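# Architecture and fold: a report
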Amino acid sequence: MTTTVPLWHSLWENLRLATMQGGTYSVMEDAVIATTQDGKIAWMGPRRELPDGYRAAHRHDARGVWATPGLIDCHTHIVYAGNRNNEFEARLNGATYEDIARQGGGIVSTVHATRAATEDELFEQSVKRVKDLLAEGVTTLEIKSGYGLDLESESKMLRVARRIGRTLPVHVRTTFLGAHALPPEYKDKSDDYIDLVCQTMLPAIARDGLADAVDAFCENIGFSSAQTEKVFLAAQQAGLPVKLHAEQLSDQHGAALAARYGALSADHLEYLSQEGIQAMAQAGTAAVLLPGAFYFLRETKLPPITALQDGGVPIAISTDCNPGTSPMTSLLLAMNMASTLFRLTPERVLAGVTTHAARALGLQDKCGQLAVGMQADFALWDIERPGDLAFVLGSNPCVGTVVGGELRS
């Protein structure tokens, strides 16, 4: 009987691992990760348990640094043009988010700038922001449209998002957010615009393979539950999963609606009801909390953290990087905010940007934890313990990222 000798593409040794299996640190000391030619984890464990006779084409000494799953920013609007710092000043002078939106600012302001930008201009402006995230260990990124609000511009945004994924060392998931706001040409005609989204824009974008999911903004300054359901039905017909901006400013029962359609996630959730929590738990819909927007808008109503935890709803954390209400390109800062503002422990926060963030994108079988068969995406950190990632402010302890088994920085 012959024994098969493992032949691996790369071997990463002298690691301290926080595998995040089961959503906990699951620490493994003096560990090794072996990867395949196609960028998967082939073997993982303590160095003393390495199989006899193994061979690896490439060996890397990690010098005792910590490795976690590559971080996942699962809710961003990072592709856009223009600048809305004037709104920051307006809010500090007493204007509300709703005031600014109703006066032609907010999302519509970014729509004008994004429509006017060429595809190359949009790419160049956006890629700078993405690089900030990658420098902090992000290996998977969701990018929404929603600042075009017509087929040509929405498609342009999604093409730019796909291009970012081809150009930079990051896995990009795209989300069509045509139902983000009412474009100026459809003022007072929201039903007509939703018909355009459902009957023209969404089918074309699905046909062109530009979106991995569909989102909407269900809110009193966005779209009603009935209009949102039309979008979900159109997404269902196109074979695309759904997500939802829900209960950010008021309880529109959006989370329960999203759960009925098996949504990957419901996001924001400051005004989420117990009924919404129960529906999400039953459907397996993840909660995505966005502490940057909470902080930037000076919101005072906390999401129902304890009830979500007690209900067994997976809680993800994201930057919500966008031009108006969370202009943040640091997932590490979002992690600290989630601990300080939402009282989540550093372990729960790290799960929120790995294990549960993968769940929020439907990628739980590919990334979000370190395990055999998963993508070999991990971040390397010069830290004393995993909890430092949500603790230390103003420094970046990331000393490298591995994407698909290859060292990228």
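Look up: the structure comes first, before these words.
Every chain's residues receive numbers from 1 upward, in the order its sequence appears when written. Only residues with pLDDT of at least 70 are given local features in this predicted model, and only at 80 or more are side-chain atom pairs given and counted; all residues enter the totals for whole chains, interfaces and linings. Each side-chain value is worked out from all heavy atoms of the structure, with water and hydrogens disregarded.

## Comments concerning the nonpolar core
In this structure, L71, I164, F176, M335, L344 and W381 are the most contacted members of the largest nonpolar core, which totals 93 residues. Here M335 is in contact with L71, V349, L350, V353, L389 and A390, once residues within four sequence places are set aside. Take the buried residues of types Ala, Val, Leu, Ile, Met, Phe, Trp, Tyr and Cys, join any two whose side-chain atoms come within 4.5 Å, and each joined set is a nonpolar core. Three exposure classes are used, based on accessible area relative to the maximum for each residue type with a 1.4 Å probe and protein chains only: buried under 20%, partly exposed in between, and exposed over 50%. Counting residues in each nonpolar core, the second largest holds 16 residues, with A31, M44, L370 and L380 among its members. Throughout, a residue-residue contact means that at least one pair of heavy atoms, one from each residue, lies within 4.5 Å.

## Describing the packing of aromatic side chains
Ring geometry is summarised as follows: Phe, Tyr and Trp rings, the Trp one being its six-membered ring, pair when their centres sit within 6.5 Å, and such pairs are stacked at plane angles under 30 degrees, edge-to-face over 60 and tilted between the two. Tallied over the entire structure, the rule returns nine aromatic pairs. Between W12 and F378, the ring centres sit 5.7 Å apart and the planes meet at 90°, which makes this aromatic pair edge-to-face. Of this pair, W12 sits in strand β1 (residues 7-18) while F378 sits in strand β14 (residues 378-381), and the two are 366 residues apart along the sequence. Relative accessible area serves as the criterion here: at 0%, F378 is assigned to the buried category. Ring geometry for Y193 against F223: centres 6.2 Å apart, planes inclined by 25°, an arrangement best described as stacked. Here a helix means four or more residues in a row that DSSP labels H or I, a strand means two or more in a row labelled E, and each is numbered from the N terminus.

## Here we look at the sheet that holds strand β9 (residues 213-218)
Taken in spatial order, the eight strands make up an open sheet running β6-β7-β8-β9-β10-β11-β12-β13, and their pairing is parallel. Across the chains shown, the open sheet's two edge strands, defined by having one partner strand only, are β6 (71-73) and β13 (315-317). Neighbouring strand axes in the sheet, compared pairwise and without regard to direction, differ in orientation by 25° on average. By this definition, two strands are paired if DSSP reports at least two bridges between them. Here strand β7 (residues 138-144) pairs with strand β8 (residues 171-179) via five bridges, running parallel. If you follow I143 over to β8, its bridge partner there is T174. Here an axis means a line fitted to C-alpha atoms, over the contact stretch when the element is a helix, while the angle between two N-to-C directions is reported on a 0 to 180 degree scale. On the sheet, helix α12 (residues 331-342) packs against β6, β7, β12 (286-289) and β13 and is oriented at approximately 80° with respect to β6.

## Some words on the pairing of strand β11 (residues 265-268)
Across four bridges, strand β10 (residues 243-246) lies against β11 in parallel orientation. Paired with K243 across the two strands is S265, which belongs to β11. Seen with its strands pointing away from the viewer, a crossover is right-handed if its path from the first strand over the helix to the second goes clockwise. In terms of handedness, the path from β11 via helix α9 (residues 274-283) over to β12 forms a crossover that is right-handed.

## Here's the deal with the pairing of β10
Here β10 shows no split at all, with K243 and H245 on one side and L244 and A246 on the other all buried. Taken together, β9, helix α7 (residues 225-238) and β10 constitute a β-α-β crossover, and its handedness is right-handed.

## Re the packing of helix α5 (residues 151-167) against helix α6 (residues 190-207)
In the contact formed by α5 and α6, the axes pass within 10 Å of each other and the chain directions differ by 30°. Relative to α6, α5 is oriented roughly parallel. Relative to α6, α5 is oriented so that their crossing is right-handed. From α5, L151, E154, S155 and L158 reach across to α6, where they touch T200, M201, A204 and I205. Orientation labels follow simple angle bins: below 35 degrees gives roughly parallel, above 145 gives roughly antiparallel, 65 to 115 gives roughly perpendicular, and whatever is left gives oblique. Crossings are assigned a handedness: left-handed for a near helix turned anticlockwise from the far helix by less than a right angle, right-handed for a clockwise turn.

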